[in-house]
Amino acid sequence: MSTIKEILSVLEEMAPLAYAEDFDNVGLIIGDENAKATGILVCHDALENVIDEAITKKCNLVVCFHPILFNGIKKITGQNYVERALLKAIKNDIAIYAVHTALDNHPEGVNKLFCDALGLIKTQILIPKQNNIRKLVTYTIRDNSEKVRNALFEAGAGSIGNYDKCSFNSEGTFTYQGNEKSEPTIGERGVMSRGTEVKIEVVYAKHLEAKIIKALRENHIYEEVATEIYNMKNTFNHIGLGMIGELEEAMDEKEFLAFTKDKMQASGIRHSAYTGKKIKKVAVLGGSGSFAIKNAIQAGADAYLTSDLKYHQYYEAENKLLLADIGHFESERYTKEYIVDYLRKKIPNFAIILSEENTNPVKYL
């Protein structure tokens, strides 16, 4: 790797920015993507002390989970912790890149790490992401159809859940007549052409669209490639917020909370009233997850683990499940280690450093 831009392409493979929620601020927040990369420091929050660490360790790219710049600002004068971190990064030519909900929504991201720490099995997305699937329809002659299909598959089209290389193909009759500027692959300019075409239909995740269209045009035989693109209302069940799974063996509620505290290294857990039921099915959502209490209940969870719950939200458990706040930082605890491991596999022989700074702002007696 020579430039920050090359590293960003790897980060976007890990957590596609299209997976992020609309309200979020993900991707490159500050910095010159064309600068030569000297090292990567991975952290939870890109605070001023983390920027100091990056300077000391000669890393000019800080990859953080939470975006240091979330809401719009009009001045950068060093008056608060956000401005101080940004000023120091800018002065020292350090780029900052945030993954946040792009990794929250990823099937192998924050909530899968949460589930894995608890040993949950049979996991699935709690709130599947909406409006993320598109459908491409194109047409070509029989002799070109296999080449086009394979190119589309290679670019990421045709994946549905646990299956890939999915397509629907049908045949029909084409007609066309090129004008005086045309250079038809089949037939002659100014003469009506008629023959048999294959109609190819594939679905894909919308963030892959540019790559898929590029592959189609590079492998299609025609001068003009006919395409139809549709937005699908189907939910993408393998991408979304939160997860739900099952414990290998059911536990009573106190045992489960003690188990969770140990596995997530939580300093304390606030929870709703005990229901008197065994805990077997568990829903999780790293970070602030009060909005998904009803989703957890509807999914039949015996317990829902998240953070940042307010006083009245504990009532929403309605004795239907055990509701527990394990702490915001704690619920996302294993994220930066995951990022480091991913980058080290993808970019071997490059300086990728796990930050030693604990940026959890919540302290306990």
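Whatever comes next refers back to the structure up there.
Note that the structure is a prediction, hence the values are computed from the model and not measured.

Conventions used here
- Residues numbered from 1 in each chain as written.
- Predicted model: local features only at pLDDT ≥ 70, side-chain atom pairs only at ≥ 80, totals over all residues.
- Heavy atoms only, no water.
- Helix = DSSP H or I, 4+ residues; strand = E, 2+ residues; numbered from the N terminus.
- Expected span 1.5 Å × (residues − 1).
- Buried < 20%, exposed > 50% of the residue type's maximum accessible area, 1.4 Å probe, protein only.
- Core = buried A, V, L, I, M, F, W, Y, C linked by side-chain atoms within 4.5 Å.
- Patch = residues over 30% accessible without salt bridge, like charges linked within 9 Å, V, L, I, M, F, W, Y side chains within 5 Å.
- Areas by Shrake-Rupley, 256 points an atom, 1.4 Å probe, with all protein chains shown as cover.
- Salt bridge = Lys/Arg side-chain N within 4 Å of Asp/Glu carboxyl O.
- Pairing = 2+ DSSP bridges.
- 1 Å grid on protein atoms, 1.4 Å probe; cavity = no way out; pocket = protein on both sides within 12 Å on 5 of 7 lines; lining within 4 Å.
- Points joined across faces, edges and corners; volume = space filled by probe spheres on them.
- Nonpolar A, V, L, I, M, F, W, Y, C, P; charged D, E, K, R; others polar.
- Arc of directions from axis to C-beta.
- Axes fitted to C-alpha atoms, helices over the stretch in contact; angles between N-to-C directions.
- Contact = heavy atoms within 4.5 Å.
- Phe/Tyr/Trp six-rings, centres within 6.5 Å; stacked < 30°, edge-to-face > 60°.

**What to know about helix α6 (residues 142-154)**
Here is step 1: Helix length check: α6 (13 residues) gives 19 Å between terminal C-alpha atoms against 18 Å at 1.5 Å per residue, within 8%.
Here is step 2: For α6, the complete set of buried residues consists of Asn144, Ser145, Val148, Arg149, Ala151, Leu152 and Phe153.

**Quick word on the nonpolar core**
Here is step 1: Of all hydrophobic cores here, the largest spans 30 residues; its most connected members are Ile40 and Leu343.
Here is step 2: Examining the composition of this core, we find that six residues originate from one element, helix α1 (residues 4-14), more than from any other.
Here is step 3: Counting 20 residues, the second largest nonpolar core, distinct from the first, contains Val50, Val62, Ala85 and Ala98.

**Focus on a nonpolar patch on the surface**
Here is step 1: Residues Ile73, Ile76 and Ile90 make up a contiguous nonpolar surface patch of roughly 240 Å² in combined accessible area.
Here is step 2: Mapped onto the secondary structure, Ile76 falls in the loop between β3 (61-66) and α3 (81-91).
Here is step 3: Ile76 sits in the partly exposed class, given a relative accessible area of 38%.

**Here's the deal with the sheet that holds strand β11 (residues 270-271)**
Here is step 1: Strand order across the open sheet formed by six strands is β5-β10-β12-β13-β14-β11, with mixed pairing between neighbours. Pairing within the sheet leaves two strands with one partner each, and these edge strands are β5 (121-129) and β11.
Here is step 2: Examined bridge by bridge, strand β13 (residues 303-307) and strand β14 (residues 322-325) share four bridges and lie parallel to one another. The partner of Tyr304 across the bridge, within β14, is Leu323.

**Looking at empty space enclosed by the protein**
Any space left empty among the atoms is revealed by the rolling of a water-sized probe across them.
Here is step 1: Within this structure, the stated rule accounts for one cavity of 30 Å³ or more.
Here is step 2: Taken as a whole, the largest cavity encloses approximately 30 Å³ of empty space.
Here is step 3: Val110, Leu113, Phe114, Met264, Ser331, Glu332, Arg333, Tyr334 and Thr335 together form the lining of the largest cavity.
Here is step 4: Ranked by the residues each element gives to the lining of the largest cavity, the list is headed by helix α5 (residues 110-118), at three residues.
Here is step 5: Looking at side-chain class alone, the lining of the largest cavity contains five nonpolar, two polar and two charged residues.

**Quick word on helix α2 (residues 48-56)**
Here is step 1: Regarding α2, the residues found buried are Val50, Ile51, Glu53 and Ala54. Down the axis of α2, the buried side of the element spans an arc of 155°, and every buried residue falls inside it.
Here is step 2: Just downstream of α2 lies Lys58, where phi reads positive at about 60°.

**A few points about the sheet that holds strand β7 (residues 168-176)**
Here is step 1: Across the sheet, four strands lie side by side as β7-β8-β6-β9; this open sheet has antiparallel pairing. Only two strands of the sheet have a single partner each, and these edge strands are β7 and β9 (227-231). Adjacent strand axes in the sheet meet at a mean angle of 25° when their direction is disregarded.
Here is step 2: Note that β7 and strand β8 (residues 193-205) share nine bridges and pair antiparallel. Note on β8: the bridge partner recorded for Asn169 is Ile200.
Here is step 3: Across the sheet, α6 is in contact with β6 (133-140), β7 and β8; its angle to β8 comes to roughly 10°.
Here is step 4: Contacting β6, β8 and β9, helix α7 (residues 209-219) crosses the sheet at an angle of about 5° to β6.

**Regarding the layout of surface pockets**
Here is step 1: Its boundaries defined by the atoms lining it, the largest pocket holds a volume of some 680 Å³.
Here is step 2: Together, 30 residues line the largest pocket, and Gly156, Ser159, Ile160, Gly161 and Phe236 are the ones closest to its centre.
Here is step 3: Elements with a contribution of two residues or more to the lining of the largest pocket: α6, β8 and β10 (236-251).
Here is step 4: At four residues, the largest contribution of residues to the lining of the largest pocket is made by β10.

**Considering the environment of Lys91**
Here is step 1: Mapped onto the secondary structure, Lys91 falls in helix α3.
Here is step 2: Residues Lys91 and Val340 lie 249 residues apart in sequence; the distance between their C-alpha atoms is 25 Å.

**Some points on the packing of aromatic side chains**
Here is step 1: Overall, the coordinates contain five aromatic pairs when judged by the stated rule.
Here is step 2: Consider the rings of Phe174 and Tyr176, whose centres lie 5.3 Å apart with planes at 15°: the pair is stacked.
Here is step 3: Pairwise contacts between aromatic rings join Phe174, Tyr176 and Tyr222 into one cluster.

**As for the pattern of salt bridges**
Here is step 1: Inspection of every chain in the model, using the stated rule, returns twelve salt bridges.
Here is step 2: Linking Lys129 and Glu21 is a salt bridge whose minimum nitrogen-to-oxygen distance equals 3.4 Å. Note that Lys129 is positioned in strand β5 and Glu21 in the loop between α1 and β1 (27-30), a separation of 108 residues in sequence.
Here is step 3: According to the relative accessible area criterion, Lys129 is buried, its value standing at 12%.
Here is step 4: Judged by relative accessible area, which is 21%, Glu21 ranks as partly exposed.
Here is step 5: One network of salt bridges, in which partners are shared, links Glu48, Asp52, Arg84 and Lys88.

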